[in-house]
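What follows is each chain in one-letter form.
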Amino acid sequence: GGSVAAFAPTERLRRRTQSGGQSVSKIGIVIVDAQQLIRAGFSLILQAQDDLRVLGEGSSTADAVALVERHRPDVVLVASTLADGDGFAATERIRALGAPQPCIVVLVGSRDGDLGERARAAGADRTLGKYAIPEQIVAEVRHAAAVPR
């Protein structure tokens with residue numbers, strides 16, 4: 001264990017989004033799901049909001065880790081099933097990266113059952129149904145970004 005300080009989401013936002021002397025609060029998001037259609041749907045829903053920005057998308061555990069390292073998002077939406085494994089392994093690998101840490105939301109399908117306990121054990125902050133209505137998806141991401149890390 002090191003003594004690396006984690007940045008609160010608002011500090012990360014200010015740090016990353018100052019451009020042209022104007023500070024714009026945008027919540028940075030990474031979406032990782034094996035299904036391109038799910039990624040596209042979530043991206044369209046989130047990008048339509050003025051305060052949300054999708055920084056990258058991927059389909060695998062390797063993508064999840066690389067995208068978090070590259071973009072240092074505020075929120076990671078990661079599917080419970082990925083092209084090369086699962087969202088729980090991806091969550092554990094992201095948690096091993098050190099600070100600053102994103103809020104991790106595991107996306108679960110209708111047939112996955114209750115994976116909340118497994119998600120929490122891996123280090124995820126929350127779970128969200130892949131088939132949630134757009135308003136719920138947006139509210140969940142905003143709530144996740146407000147979680148102190």
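Computed from a predicted structure; not experimentally measured.

1. Side note on the overall build of the chain
Across its full length, the chain carries six helices and nine strands. Looking at the chain as a whole, 44% of its 149 residues qualify as buried. For the chain, contacts bridging at least 24 residues in sequence account for 64% of all contacts bridging at least 6. Surface exposure of the chain reaches about 7,400 Å², of which carbon and sulfur atoms provide 49%.

2. Digging into the sheet that holds strand S5 (residues 75-79)
Taken in spatial order, the five strands of this open sheet run S4-S3-S5-S8-S9, and their pairing is parallel. At either margin of the open sheet sits one strand with a lone partner, and together these are strand S4 (52-58) and strand S9 (126-129). When strand polarity is set aside, the average angle formed by the axes of neighbouring strands in this sheet is 25°. Relative to S9, strand S8 (residues 103-108) is paired through four bridges, and the arrangement is parallel. Note on S9: the bridge partner recorded for Val106 is Thr127. Against the sheet, helix H2 (residues 36-47) makes contact with strand S3 (27-32), S4, S5, S8 and S9, and its axis sits at roughly 165° relative to S4, the strand it touches most. Against the sheet, helix H3 (residues 61-71) contacts S3, S4 and S5, and its axis sits at roughly 140° relative to S4.

3. Concerning helix H6 (residues 134-145)
If you check H6, its first and last C-alpha atoms are 17 Å apart, about what twelve residues at 1.5 Å a residue would give, namely 16 Å. Of the positions making up H6, those classed as buried are Ile137, Val138, Glu140, Val141, Ala144 and Ala145. Viewed end-on, H6 has its buried residues packed into an arc of 160°, placing them on one side of the element.

4. Remarks on the environment of Ile29
Note on placement: Ile29 falls in strand S3. The exposure class assigned to Ile29 is buried, which follows from its relative accessible area of 0%. Sequence-wise, Ile29 and Pro73 are 44 residues apart; in three dimensions their C-alpha atoms are separated by 5.3 Å. Those residues in contact with Ile29, other than ones at most four positions away along the chain, are Leu46, Leu52, Arg53, Val54, Leu55, Gly56, Pro73, Val75, Leu77 and Val141.

5. Description of the confidence of the model for the chain
Across the chain, the average pLDDT comes to 83, with 80% of residues at 70 or higher. Confidence drops under a pLDDT of 50 for residues 1-19, and excluding neighbours within four residues, the segment shows 41 contacts in the predicted structure.

6. What about the packing of H3 against helix H4 (residues 87-95)?
Two elements in contact, H3 and H4, have axes whose closest approach is 9 Å; the angle formed by their N-to-C orientations is 30°. For the element pair H3 / H4, the angle class is roughly parallel. Crossing angle aside, the handedness with which H3 passes H4 is right-handed. On H4, the residues touching Thr61, Ala62, Ala64, Val65 and Val68 of H3 are Ala89, Ala90, Arg93 and Ile94. Counted by class, the contact of H3 with H4 contains seven nonpolar, one polar and one charged residues.

7. Looking at the environment of Arg126
Examined against the element boundaries, Arg126 turns out to sit in strand S9. For Arg126, a relative accessible area of 27% translates into the label partly exposed. With 21 residues separating them in the primary sequence, Arg126 and Val105 have C-alpha atoms 4.8 Å apart. Here Arg126 is in contact with Ile104, Val105, Val106, Glu140, His143 and Ala144, once residues within four sequence places are set aside. Side chain to side chain, Arg126 and His143 meet in a polar contact 3.4 Å long.

Reading the values: the criteria
Residues numbered from 1 in each chain as written. Predicted model: local features only at pLDDT ≥ 70, side-chain atom pairs only at ≥ 80, totals over all residues. Heavy atoms only, no water. Helix = DSSP H or I, 4+ residues; strand = E, 2+ residues; numbered from the N terminus. Buried < 20%, exposed > 50% of the residue type's maximum accessible area, 1.4 Å probe, protein only. Contact = heavy atoms within 4.5 Å. Areas by Shrake-Rupley, 256 points an atom, 1.4 Å probe, with all protein chains shown as cover. Pairing = 2+ DSSP bridges. Axes fitted to C-alpha atoms, helices over the stretch in contact; angles between N-to-C directions. Expected span 1.5 Å × (residues − 1). Arc of directions from axis to C-beta. pLDDT = per-residue confidence, 0-100. Parallel < 35°, antiparallel > 145°, perpendicular 65-115°, else oblique. Left-handed = near helix turned anticlockwise from the far one by under 90°. Nonpolar A, V, L, I, M, F, W, Y, C, P; charged D, E, K, R; others polar. Polar contact = N/O pair within 3.5 Å; in protein donor to acceptor, adjacent residues only side chain to side chain.

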